[in-house]
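Below, each chain spelled out in residue letters.
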2 protein chains.
Amino acid sequence: MSEAPWENRFVNHQQNEAMSALSDPSRTRRNAAHCSSCAMRHLCMPEGLCSNDIAKLENIISATRRVKRGEALFRVGERFEALFAVRSGSLKTVVTHDGGREQVTGLLLAGDALGFEAIEEGTHTCDAIALEDSTVCVAPYPLFERMCRETDALQRRLNRMMSHALNREANHVVRLGMLRADERVAGLLLDISSRLSMRGYASSEFTLRMTRDDMGSYLGMTLETVSRTLSRFDKAGLIETQGKFIRICDFDGLRAV
Amino acid sequence: MSEAPWENRFVNHQQNEAMSALSDPSRTRRNAAHCSSCAMRHLCMPEGLCSNDIAKLENIISATRRVKRGEALFRVGERFEALFAVRSGSLKTVVTHDGGREQVTGLLLAGDALGFEAIEEGTHTCDAIALEDSTVCVAPYPLFERMCRETDALQRRLNRMMSHALNREANHVVRLGMLRADERVAGLLLDISSRLSMRGYASSEFTLRMTRDDMGSYLGMTLETVSRTLSRFDKAGLIETQGKFIRICDFDGLRAV
DNA sequence: CGGACCTTTGAAAGTTTTCAAAGTGGGTGG
DNA sequence: CCACCCACTTTGAAAACTTTCAAAGGTCCG
């Protein structure tokens, strides 16, 4: 049982990746180590940065923060102090509607950056909750902003990252607005798979730390419908589920809804 | 009939606004005139820009483009060349899913900026279609980017605008994911009302140039459900509808769903 | 002014939610 | 280290909501 494939958790993948991403053996300072590693790639390692720039950046992004499962990295209304990048683990962003109803608006995996929503008003507009014990890199925004001013490439990277976040949201809008329940679930699985794949992880199996309730909230449906849909996919041979572990068996089948 | 309140179109409002916003009588050049006026306020007139900066900006944003009803300002796949701001009229953004199904992902009113989604990949990821004959201000991105580099305040404004777009999308996600049909329609009406109000227009009545089909697509429901919901609101005394003209009679009632 | 497009309304069909209850799993304290 | 318990998951059946199909007005744009 301890050798079962679904024991192959995110955390393990991430640590492997973190190690292998240390492509430059000369950087051995502790701060440099995590900064140049996997999770901060998008935030810290834009093409076009010279090694001098990278050194400056490493000084800015010097802190790592730990967030335990269920704890908040930040909450609605808190002052905006830093951008974050998921180094290991995963988080969800949540908005609480009046009346206490909650909606999961985002899923952040290792390598994803978050916090951009707070730039507008200077305060966070959603909660970011860890789905498992996680670590994030911290980029204090005032410093980051100053460095953007000095380094064009970094500024361009920031603009692209925010544009990327915008496109991600637009995809989510399409998923919620145009797709039926089973199409949404299939879309989510394929989306996660492709995000993992882009970062060098196995794309056909993963452990999704969201509950069925979280998935339902994210997809605009009830937890029961999520569960039923996954069961149906399983019976149809499209996937195999074992609790939170999911293996995709038939990509084309999933794409065909 | 020609004096009926629903003759009071957006276009009229906008022209009034454009005139009244010419707060500095010294700026009489043609290029300066439209640039310092209403529609570009968000793009061009951040607090913190000195008059010298503003002059430079006016040179960059020198073009106005006309888009006729039904025509595209840009389309999916087209190269990203400029950011835009709606000067008069209104547009929708549309994504076409495989299979030809279309989803309206955004509604842009006078004063709104658009085009940010194209920064990531350098090509547009949606179509922008005019809902009525409209004009937009054009900010060529390479020039705009360069000016951001020279002027901190403008860069900060750009970041805030993109963050704002992100928050707008997040609101839309919540609307689609957590609300029922009538709540979505009510939410849209209140959203439009508040956006008009922020820009100094009458907030209790407006002519929404989208068709019921567009509204349905934007809200993730069918045109029939939109129509039925509006009829029900009308009968309940919450609003008055006359085709595309809508008057909100009972804001609190609408907020209460 | 005419015709195309848009809107409204009804009834039936379909999908998803709600309510309910049993089963499963994993993390926590003893 | 194990057992227990709480939280999560699964499944069923009825109810609710929304869509689909259909047809009759309306509106407005050229």
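The structure under discussion appears in the preceding block.
Residues numbered from 1 in each chain as written. Chains lettered and ligands numbered in written order. Predicted model: local features only at pLDDT ≥ 70, side-chain atom pairs only at ≥ 80, totals over all residues. Heavy atoms only, no water.

## Considerations on the relation of the copies chain A and chain B
1) Next: Mapping chain A onto chain B leaves a residual RMSD of 0.0 Å; the transformation is a rotation of 180 degrees accompanied by 0.0 Å of translation along its axis. As the rotation angle and translation indicate, the two copies are arranged about a two-fold axis. (Least-squares fit on C-alpha atoms with pLDDT ≥ 70 in both.)

## Concerning the protein's contact with DNA strand D
1) Next: Residues in close proximity to DNA strand D total 19 residues, the closest being A:R212, A:S231, B:A181, B:T225 and B:R228.
2) Next: Near the protein, meaning within 4 Å, the atoms of DNA strand D are sugar or phosphate in a fraction of 60%, with bases accounting for the rest.
3) Next: Within the backbone of A:R212, a nitrogen or oxygen atom sits 2.7 Å from a phosphate oxygen of DNA strand D.
4) Next: Here a phosphate oxygen of DNA strand D and a side-chain polar atom of A:K244 are 3.4 Å apart.
5) Next: At the level of secondary structure, the elements contributing two or more residues to the surface near DNA strand D comprise helix 8 (212-219) and helix 9 (223-235) of chain A together with helix 9 (223-235) of chain B.
6) Next: Considering every element that reaches the surface near DNA strand D, the biggest residue donor is helix 9 of chain A, with five residues. (Near = heavy atom within 4 Å. Polar contact = N/O pair within 3.5 Å; in protein donor to acceptor, adjacent residues only side chain to side chain. Helix = DSSP H or I, 4+ residues; strand = E, 2+ residues; numbered from the N terminus.)

## Some words on the interface of chain A and chain B
1) Next: Each side of the interface is counted separately: chain A has 38 residues, and chain B has 38 residues.
2) Next: Summed over both partners, the interface of chain A with chain B comes to about 3,500 Å²; 58% of that surface belongs to carbon and sulfur atoms.
3) Next: When the area that chain A buries against chain B is broken down by residue, the three leading residues are A:E120, A:L166 and A:M178, summing to 19%.
4) Next: Counting across the interface, chain A meets chain B through six salt bridges.
5) Next: Here B:E145 makes a salt bridge to A:R156, at a shortest N to O gap of 3.4 Å.
6) Next: The set of elements that each furnish at least two residues to the side of chain A that touches chain B consists of strand 5 (102-108), helix 5 (141-150) and helix 6 (152-178) of chain A.
7) Next: For the side of chain A that touches chain B, the element with the highest residue contribution is helix 6 of chain A, accounting for 20 residues.
8) Next: When the residues that make up the side of chain A that touches chain B are grouped by side-chain class, the tally is 15 nonpolar, twelve polar and eleven charged. (Contact = heavy atoms within 4.5 Å. Buried area = accessible area lost by both parts, 1.4 Å probe. Salt bridge = Lys/Arg side-chain N within 4 Å of Asp/Glu carboxyl O. Nonpolar A, V, L, I, M, F, W, Y, C, P; charged D, E, K, R; others polar.)

## Digging into the side chain of A:S163
1) Next: Checked against the element boundaries, A:S163 lands in helix 6.
2) Next: The contacts of A:S163, once residues within four sequence positions are left out, are B:F116, B:E117, B:A118, B:I119, B:E120 and B:M162.

## Here's the deal with the protein's contact with DNA strand C
1) Next: In the vicinity of DNA strand C lie 16 residues, with A:A181, A:T225, A:R228, B:R212 and B:S231 positioned nearest.
2) Next: Counting only the atoms of DNA strand C within 4 Å of the protein, the fraction contributed by sugar and phosphate is 56%.
3) Next: The side chain of B:S227 places a nitrogen or oxygen atom 2.9 Å from a phosphate oxygen of DNA strand C.
4) Next: Where the surface near DNA strand C is concerned, the elements lending two or more residues are helix 9 of chain A together with helix 9 of chain B.
5) Next: Tallying contributions element by element places helix 9 of chain B first for the surface near DNA strand C, with five residues.
6) Next: Of the residues in the surface near DNA strand C, the class split is three nonpolar, six polar and seven charged.

## Thoughts on the pairing of strand 4 (residues 91-96) of chain A
Residue and element names in this part refer to chain A.
1) Next: Of all six residues that make up strand 4, five are buried, and the element is covered over most of its length.
2) Next: Across six bridges, strand 4 lies against strand 5 in antiparallel orientation. In the sheet register, T96 faces strand 5, and the bridge partner there is E102.
3) Next: A loop of five residues connects strand 4 with strand 5, the two strands running antiparallel in sequence, and G99 in this loop sits at a positive phi of about 105 degrees. (Buried < 20%, exposed > 50% of the residue type's maximum accessible area, 1.4 Å probe, protein only. Pairing = 2+ DSSP bridges.)

## Considering the packing of aromatic side chains
Residues and elements named next belong to chain B.
1) Next: Scanning all chains against the criterion turns up four aromatic pairs over all chains.
2) Next: Between F74 and F84 the ring centres are 5.9 Å apart and the planes differ by 25 degrees, which places this aromatic pair in the stacked class. In this pair, F74 is assigned in strand 2 (residues 72-74) and F84 in strand 3 (residues 82-88), connecting sequence segments ten residues apart.
3) Next: You can call F84 buried: its relative accessible area is 6%.
4) Next: Aromatic pair F80 and Y141: ring centres 4.8 Å apart, planes at 45 degrees, arrangement tilted. Of this pair, F80 sits in the loop between strand 2 and strand 3 while Y141 sits in helix 5 (residues 141-150), placing them 61 residues apart in sequence. (Phe/Tyr/Trp six-rings, centres within 6.5 Å; stacked < 30°, edge-to-face > 60°.)

## Some points on helix 5 of chain B
What sets the pattern is the α-helix's 3.6 residues per turn: residues three or four places apart point alike.
1) Next: Looking at helix 5 of chain B, one finds that the buried residues are B:Y141, B:F144, B:E145, B:M147 and B:C148. Along the long axis of helix 5 of chain B, the arc covered by the buried residues comes to 165 degrees, so they all point the same way. (Arc of directions from axis to C-beta.)

## Things to note about the environment of A:A165
1) Next: Looking at where A:A165 falls in the secondary structure, it is placed in helix 6.
2) Next: Under the relative-accessibility criterion, A:A165 is labelled buried at 17%.
3) Next: Sequence spacing of A:A165 and A:F116 is 49 residues, and the spatial spacing of their C-alpha atoms is 8.5 Å.
4) Next: Apart from the residues lying within four places of it in its own chain, the contact partners of A:A165 are A:F116 and B:L166.

Function cannot be inferred from these measures alone, as they are strictly geometric.
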